[in-house]
Amino acid sequence: MSSPPAPGSGATTRTGRRCTLDPGPRWASLPDDLVAVVASRALAGDLLDYVRFRAVCTGWRSATASPRGRGVADPRFHPRRWMMLPKNHCLYSGHLDPRGYVGFLNLDTGAVVRVRLPLLGDHSAIESVDGLLLLLQNEDQEGAVRLLHPFTGDVAELPPLGTLLPQVGTQLLSFPAQYRIRKLANNAFASVSFSDDGTMTIMLALHEVRRVAFATSMDRHWTLSSWEYPQCYTSPVSSQGKLYMVCPSSGQSNGHQILQINPPVHGGAVHGGGGTGGVLQPPKLMATIPARKLVFPRGLVECGSKILVLGHKDFSESQILVCKLEDLVMKWFIPIKSIGGNTLFLGERNISVSSKALSTVKGDNVVYIHSTQSYVAHYHLRSGTLSSAIDDCSLYGRAPGPSSLTHYIFSCCIRNRWNRGMIFRMNLESLYGAR
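Now for a description of the structure that goes with this document.

## What about the overall build of the protein chain?
Piece 1. Scanning the protein chain from N- to C-terminus turns up 10 helices and 23 strands.
Piece 2. Within the protein chain, the proportion of its 435 residues that are buried is 51%.
Piece 3. Across the protein chain, every contact between residues at least 6 apart in sequence was considered, and the portion connecting residues at least 24 apart equals 48%.
Piece 4. Just so you have it, the protein chain exposes about 20,700 Å², and 53% of that area is on carbon and sulfur atoms.

## Notes on the environment of Ser253
Piece 1. With respect to the helices, strands and loops of the structure, Ser253 is situated in the loop between strand S13 (242-248) and strand S14 (255-261).
Piece 2. Separated by 35 residues in the primary sequence, Ser253 and Thr288 have C-alpha atoms spaced 10.0 Å apart.

## Some thoughts on helix H3 (residues 47-54)
Piece 1. Among all positions in H3, only Leu47, Leu48, Tyr50, Phe53 and Arg54 are buried.
Piece 2. Between a side-chain oxygen at the N-terminus of H3 and the backbone nitrogen of Leu48 the separation is 3.1 Å; the capping residue is Asp46.

## Focus on helix H9 (residues 405-412)
Piece 1. Here H9 lies mainly inside the structure; 7 of its 8 residues are buried.
Piece 2. Looking only at H9, the buried set comprises Thr406, His407, Tyr408, Ile409, Phe410, Ser411 and Cys412.

## A look at the side chain of Asp74
Piece 1. Along the chain, the position of Asp74 falls in the loop between helix H4 (58-62) and strand S1 (82-84).
Piece 2. At 2.8 Å, the side chain of Asp74 forms a polar contact with the side chain of Arg76.

## A look at the sheet that holds strand S11 (residues 223-224)
Piece 1. Taken in spatial order, the 4 strands line up as S8-S9-S10-S11 in an open sheet, and their pairing is antiparallel. A single partner strand is all that each edge strand has here, and the edge strands are strand S8 (188-194) and S11.
Piece 2. Sheet topology places S8 next to strand S9 (residues 200-206); 7 bridges connect them, and they run antiparallel. Paired with Phe194 across the strands is Met200, a residue of S9.

## Considerations on the pairing of strand S16 (residues 296-303)
Piece 1. Most of S16 is tucked away, with 6 of its 8 residues classed as buried.
Piece 2. Here S16 runs beside strand S17 (residues 306-312); their pairing, made up of 7 bridges, is antiparallel. Looking at S17, one finds that Cys303 is bridged to Lys306.
Piece 3. Connecting S16 to the antiparallel partner S17 that follows it, the hairpin turn spans 2 residues, and Gly304 within it adopts a positive phi of roughly 65°.

## Some details on the pattern of salt bridges
Piece 1. Per the stated rule, a full pass over the model turns up 11 salt bridges.
Piece 2. Here Arg415 makes a salt bridge to Glu127, at a shortest N to O gap of 3.4 Å. Remark: Glu127 occurs in strand S4 (residues 124-129) and Arg415 occurs in helix H10 (residues 415-418); sequence separation between them is 288 residues.
Piece 3. Glu127 gets classed as buried once you look at its relative accessible area, which sits at 6%.
Piece 4. The partner of Glu228 in a salt bridge is Arg210, and the shortest N-O contact between them spans 3.9 Å. You can see Glu228 sitting in the loop between S11 and strand S12 (237-239) and its partner Arg210 sitting in the loop between S9 and strand S10 (211-216), a full 18 residues away along the chain.
Piece 5. A residue is classified by how much of its surface remains accessible, and Glu228, at 46% relative accessible area, is partly exposed.

So, how was this worked out
- Counting restarts for each chain, with residues numbered from 1 along the sequence as it is written.
- In keeping with the model being predicted, local features are shown solely for residues with a pLDDT of at least 70 and side-chain atom pairs are shown and tallied solely at 80 or more, while totals for entire chains, interfaces and linings include all residues.
- Calculated side-chain values reflect all of the structure's heavy atoms, with hydrogen atoms and water omitted.
- Comment: elements are numbered from the N terminus, with helices defined as DSSP H or I runs of at least four residues and strands as E runs of at least two.
- Burial classes: relative accessible area under 20% of the type maximum marks a residue as buried, over 50% as exposed, and values in between as partly exposed (1.4 Å probe, protein chains only).
- By definition, residues are in contact when any of their heavy atoms lie within 4.5 Å.
- Each accessible area is a Shrake-Rupley estimate made with a 1.4 Å probe; only the visible protein chains count as cover when residues are assessed.
- Here a polar contact means two N or O atoms within 3.5 Å. Within protein one must be a hydrogen donor candidate and the other an acceptor candidate, and residues neighboring in sequence count only if both atoms are side-chain atoms.
- Criterion used throughout: strands pair if DSSP finds at least two bridges between them.
- Salt bridges are defined by distance alone: a side-chain nitrogen of Lys or Arg within 4 Å of a carboxyl oxygen of Asp or Glu.

Rendered as structure tokens:
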């Protein structure tokens, strides 16, 4: 019996028909509209999958849009599930290693890439929104602000943060002048949204003054809200361009309320003002939670397409309850035990991480600082059990050493560590303290 022809050999069969077993040319000649459909599905999964798809051949590359040049302006190309990682134990200052590279983790797949980011040499990262990095430069002067796409290198110029200082009045006068911009930036929580005409708007919830600022890349200054938002239990969370926060209920009611801040409605440029004339409406009440249902809220987390509300049933923190915001809006208080196998990290930034990225950790759990016992706890939702998430040597040890992926991810939740590219260590200043 004769052996079959080798792939790509151009051999003939017994019938005399020529074998064309090499599929390469046929894939390369796919119609452009079909290539566009496949590319859109790759992009819906992850930006780097889309980049790899375009790299297959020149035909596919020419039939699809390049992310470079539009990485910030086009929300399809935002690296939403990528988080910049700190370096290990402060061996070098800032995020960059000696060669100018920084690591990024995909929170869905666990993939890690290293990217060269020269801008971080003289800028500091103050926030990550949709995977984009909000950068601050010259904080002791005007405080230049830029929005950077870490994989394409695209940058959107935003108004200097110093333009907010005259608007906050006397609220920062107790701080030396050269530190006021940094004080605002250290407690800024961002969202990014796009209008129908493609205008990009950045909102910043400024915890230091409890007001919201917004601007577009066409503005010359930030606009500050005329109202203050209530004191929050935890940091605001960004989802689909909106900001969400959990606050004590207003009035005499004993409970908690979840507020939503929508992007401003732009109505044309303000004469002589250098702004877009947007109007920022006060926070909208989305849901109310009675204190008898949830004693102590832990915050909000975007998990997939849902916003989850987390909190404790009692002040001993022995149990964590997880509810969907959409259920609470309908006044249904239904705690859930399954969150799709994900792990939720709670801190000053809340992160949802897939079980694929943390394959060694059992899914459906929450990692947070147990405030009454002062350790990083790991709570499993199904069993209701508590354990230590990070070993004591990594948290308290004096000498630098290896850290687990859980430790790295949790460090991203502590802003005064992530902002400096540092691993979180359990000591008096790092418990959400010194800035």
